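# Close look at the chain arrangement
In case you want the letters, here they are:
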Amino acid sequence: MFPAIPSDGQVILSQLKSLRAVDILVVSSVTWALLKLIRTTRRRLRSTKLRGPPNQSFVFGLGKVLQRAEDPGAVYEQWAREYGPVYKVPSALGKTRVVLCDPKAIAHFFARETYTYVLTPLSQNLTELIAGRGLSWSQGDSHKRQRKLLTPAFSNAAIRGLTTVFYDSAYKAKVAWDNILESSSDSSIIEVQSWMNHISLDTIGISGFSHDFGALDGKRSTVADVFASFGNAKPSPLAIAFFLLAPIFPWLVKLPTARIRLARKLCESMGQISEVLLARTRQEKESNLDGGQEDKSIIGLLIKAGADDAELRLTPEEVLAQVWQYPFICLLQYFRGCYVQMRLLLLAGYETTSTILTWALINLSQNPEKQARLREELLQFSNTDPTWDQLNSSLPYLDAVVHEVLRLHPPVREWTRIAAEDDVIPLGEPIQTASGKLVDHISVAKGAMVSIPMLSINRSEAFWGADAKEFKPERWLDEAGITGKAKELQGHRHLLTFVDGARTCLGKGFALAEIKAVLSVLIRNFAFELRDGPDTKVELTRGVLSRPKIAGEAGYDVPLKVRRLN
């Protein structure tokens, strides 16, 4: 008999069985690399070839250069001087980023954000981890709808009603400091950053969620402890390497590093608070039906906005289709949707505000004559506190101080997005391409990374003049203080601190009112000096965001000499 002849299918099956796992891995890796090469080639063929600094590492690009720089903004500024206001920067594994420092190009970018320019996979992963799938995570129509839902809670009328909360927190700190100074000779060393954290945490807790964390009363909370722990979590060299490679491999940020574990712990803590607030909100809604008092917090206004406008509720795509068949479950899902925003509100209302307040006290300590000028202006309210309207219109030097701090120390220092489609970006001034050609626009292919170095532009001498690095509130007192090129920036008061366009900071009015109210109380009642003299070195350390610290101090401590005023 002749031996059976195997069929084609049997031959293929036999060959597949003979492959080792390592062979499959190699074939998969080669296939992935070829696909990436094809996509990269396509992008290089369609994107304008730009000049830029030479690459120093195929693996990390110039990521380590920026990560190790004492002032990354100055590095970007130097590159802009050398290569023009639009240039490329080598990134990890041979990738590049397009950097925009041209006002017209920046305006175009922000006008098309959330649709043409969207969150990178890395940004999505980090945002979801820290703030959940709320406003900062959403894009396109979802972002537009969520922003519409949040807007009523940050109206001028809403913030005006919360001004007393800002003052209450500031006066709690004042009483505590008075008690510290009572036992000393009119002055004492106070670590102010932790106190600014307490003020910001209690303020956002009460005004945002009607939840008193009690930080100013000495109460411990997991949320406060986790935020404090971020300043003490020193990233290992391996963790830094992972972070530099994360733009190419976004899943690396999900590895269980110390900071990622802290972020998850923060999410768990916020989830527990959310459940308590959810239960209380349901009870309050039932009592309101009987004439109970309405919740005036941001979350309370959010829930009311959603109840009054059906368009603002979660869409059927955001919950299971059958949920909408049952009114109570629908309401429950809506409440949960509101509390998804809670982590974002906490991060924005706590981390950024406390950092700006700390920087304000540092800058005023470094410049005692400006501190004295601010105090002189504020003492017209020696017997009462400025109203919300007076904070915004009757205190020009306070406004100038706050905006100068925001200019020099934006909490978010860089803004990176990925092009969801091909785009042409117009330029305010021609640039020279890699081939030497002068162009007044650039082409950006789908998949290209685009960055705006906000810290660099806020401090750039090309925009703000030769004194751009100085703390000079006087520049805000009249239009002549803002130079021509800075006026071309379309952000809030020509700053990029609050971003611009569809993602401009919704809570900027809230933040400005809180910062001004707190400073008005502290500067009227206390004088501040650097503990070790005016030349004390201040450096940056990593919290959730970058924070100041006095060089040589543990964590992010900022000890200042505080003196009580009569």
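Residues numbered from 1 in each chain as written. Predicted model: local features only at pLDDT ≥ 70, side-chain atom pairs only at ≥ 80, totals over all residues. Heavy atoms only, no water.

Per an unreviewed UniProt entry, the chain goes by the name Cytochrome P450 and belongs to Hygrophoropsis aurantiaca.

Right, let's get into the overall build of the chain. Looking only at helices and strands, one finds 21 helices and 12 strands in the chain. Within the chain, contacts between residues at least 6 apart in sequence are counted, and of these 74% link residues at least 24 apart. As displayed, the chain has an accessible area near 26700 Å², and 56% of this comes from carbon and sulfur atoms. (Helix = DSSP H or I, 4+ residues; strand = E, 2+ residues; numbered from the N terminus. Contact = heavy atoms within 4.5 Å. Areas by Shrake-Rupley, 256 points an atom, 1.4 Å probe, with all protein chains shown as cover.)

The next point concerns the packing of aromatic side chains. In this structure the tally under the stated criterion is 10 aromatic pairs. For the pair F109 and F110, a centre-to-centre distance of 5.3 Å together with 75° between the ring planes defines the contact as edge-to-face. Judged by relative accessible area, F109 falls into the buried class, the value being 0%. Within the aromatic cluster, the residues linked to one another by ring pairs are W177, W195, F526 and F528. A cation over a ring is seen here: R407 above W464, with NZ or CZ 5.4 Å from the ring centre. (Phe/Tyr/Trp six-rings, centres within 6.5 Å; stacked < 30°, edge-to-face > 60°. Buried < 20%, exposed > 50% of the residue type's maximum accessible area, 1.4 Å probe, protein only. Lys NZ or Arg CZ within 6 Å of the ring centre and 35° of its normal.)

Taken as a whole, this structure holds 26 salt bridges when the rule is applied. Through salt bridges with shared partners, a single network forms among E404, R407, D467, K472 and R475. (Salt bridge = Lys/Arg side-chain N within 4 Å of Asp/Glu carboxyl O.)

The subject of this paragraph is empty space enclosed by the protein. As enumerated under the stated definition, the model contains 1 cavity of 30 Å³ or more in all. In this model, the largest cavity occupies a volume close to 40 Å³. Lining the largest cavity are P103, I106, A107, F110, E488, L489, Q490, G491, L496 and D500. In the lining of the largest cavity, the residues fall into 6 nonpolar, 2 polar and 2 charged. (1 Å grid on protein atoms, 1.4 Å probe; cavity = no way out; pocket = protein on both sides within 12 Å on 5 of 7 lines; lining within 4 Å. Points joined across faces, edges and corners; volume = space filled by probe spheres on them. Nonpolar A, V, L, I, M, F, W, Y, C, P; charged D, E, K, R; others polar.)

A word on the sheet that holds strand 4 (residues 187-191). Pairing is antiparallel in the open sheet, where 3 strands are placed in the order 4-12-9. The open sheet terminates on both sides in strands that have one partner only, identified here as strand 4 and strand 9 (526-530). Averaged over all adjacent pairs, the angle separating strand axes in this sheet is 35°, with direction ignored. (Pairing = 2+ DSSP bridges. Axes fitted to C-alpha atoms, helices over the stretch in contact; angles between N-to-C directions.)

Our focus in this paragraph is the pairing of strand 5 (residues 415-419). Burial analysis of strand 5 places 5 of its 5 residues in the buried class, which makes it a mostly covered element. Bridge count for strand 3 (residues 117-118) against strand 5 is 2 bridges, and the pairing is antiparallel. The residue bridging V118 from the neighbouring strand is I418, located in strand 5. The pairing of strand 5 with strand 8 (residues 449-452) spans 4 bridges and is antiparallel. Looking at strand 8, one finds that R417 is bridged to V450.

Let us look at the sheet that holds strand 8. Across the sheet, 5 strands lie side by side as 1-2-8-5-3; this open sheet has mixed pairing. Each edge of the sheet is formed by a strand with only one pairing partner; in this case those strands are strand 1 (86-90) and strand 3. Strand contacts of helix 4 (residues 72-83): strand 1 and strand 2 (96-100), with the helix running at about 125° to strand 1, the strand carrying the most contacts. Packing of helix 5 (residues 103-111) onto the sheet brings it into contact with strand 2, strand 3, strand 5 and strand 8, and relative to strand 8 it is tilted by some 120°.

Tracing the backbone through its elements, the reader meets S187 in strand 4. On a C-alpha basis, the gap between S187 and W177 in space is 9.9 Å, while along the polypeptide they are 10 residues apart. S187 has contacts with L181, K561, V562 and R563, leaving out every residue within four places of it along the chain.

Another aspect to go through is helix 21 (residues 508-525). For helix 21, which comprises 18 residues, the first-to-last C-alpha distance of 26 Å matches the rise-based estimate of 26 Å (1.5 Å per residue) to within 8%. The buried count for helix 21 comes to 16 of 18 residues, which makes it a mostly enclosed element. (Expected span 1.5 Å × (residues − 1).)

Two numbers describe how helix 8 (residues 156-182) lies on helix 9 (residues 192-209): the axes approach to 9 Å, and their chain directions differ by 145°. As for how helix 8 packs across helix 9, the hand of that crossing is right-handed. From helix 8, L162, V165, F166, S169, A173, A176, W177 and I180 reach across to helix 9, where they touch V192, W195, M196, I199, D202, T203, I206 and S207. Of the residues that constitute the contact of helix 8 with helix 9, the class distribution is 12 nonpolar, 3 polar and 1 charged. (Left-handed = near helix turned anticlockwise from the far one by under 90°.)

Looking at the element boundaries, E191 is found in strand 4. For the pair E191 and V562, spaced 371 residues apart in sequence, the C-alpha to C-alpha distance is 9.5 Å. E191 has contacts with Y556, D557, V558 and P559, leaving out every residue within four places of it along the chain. Here the side chain of E191 touches V558 through a polar contact of 2.7 Å, landing on its backbone nitrogen. (Polar contact = N/O pair within 3.5 Å; in protein donor to acceptor, adjacent residues only side chain to side chain.)

By secondary structure assignment, the location of S207 is in helix 9. Here S207 falls in the buried class, since its relative accessible area comes to 1%. Separated by 2.5 Å, the side chain of S207 and the backbone oxygen of T203 make a polar contact.

Here we take up the nonpolar core. Across soluble globular proteins, you tend to see nonpolar side chains buried next to one another. Membership of the largest hydrophobic core comes to 117 residues, with the highest contact counts inside it found for L100, W177, I442, I452 and F528. Excluding residues that lie within four positions of it along the chain, I442 makes contacts with T48, L50, V86, V98, D423, V424, I425, L427 and I431. (Core = buried A, V, L, I, M, F, W, Y, C linked by side-chain atoms within 4.5 Å.)

Attention shifts here to the packing of helix 15 (residues 368-378) against helix 21. Across the interface, helix 15 lies against helix 21 with an axial gap of 9 Å and an inter-helix angle of 105°. Taken together, the axes of helix 15 and helix 21 lie roughly perpendicular to each other. From helix 15, Q371, L374, R375 and L378 reach across to helix 21, where they touch L519, S520, I523 and R524. Among the residues forming the contact of helix 15 with helix 21, the class breakdown is 4 nonpolar, 2 polar and 2 charged. (Parallel < 35°, antiparallel > 145°, perpendicular 65-115°, else oblique.)

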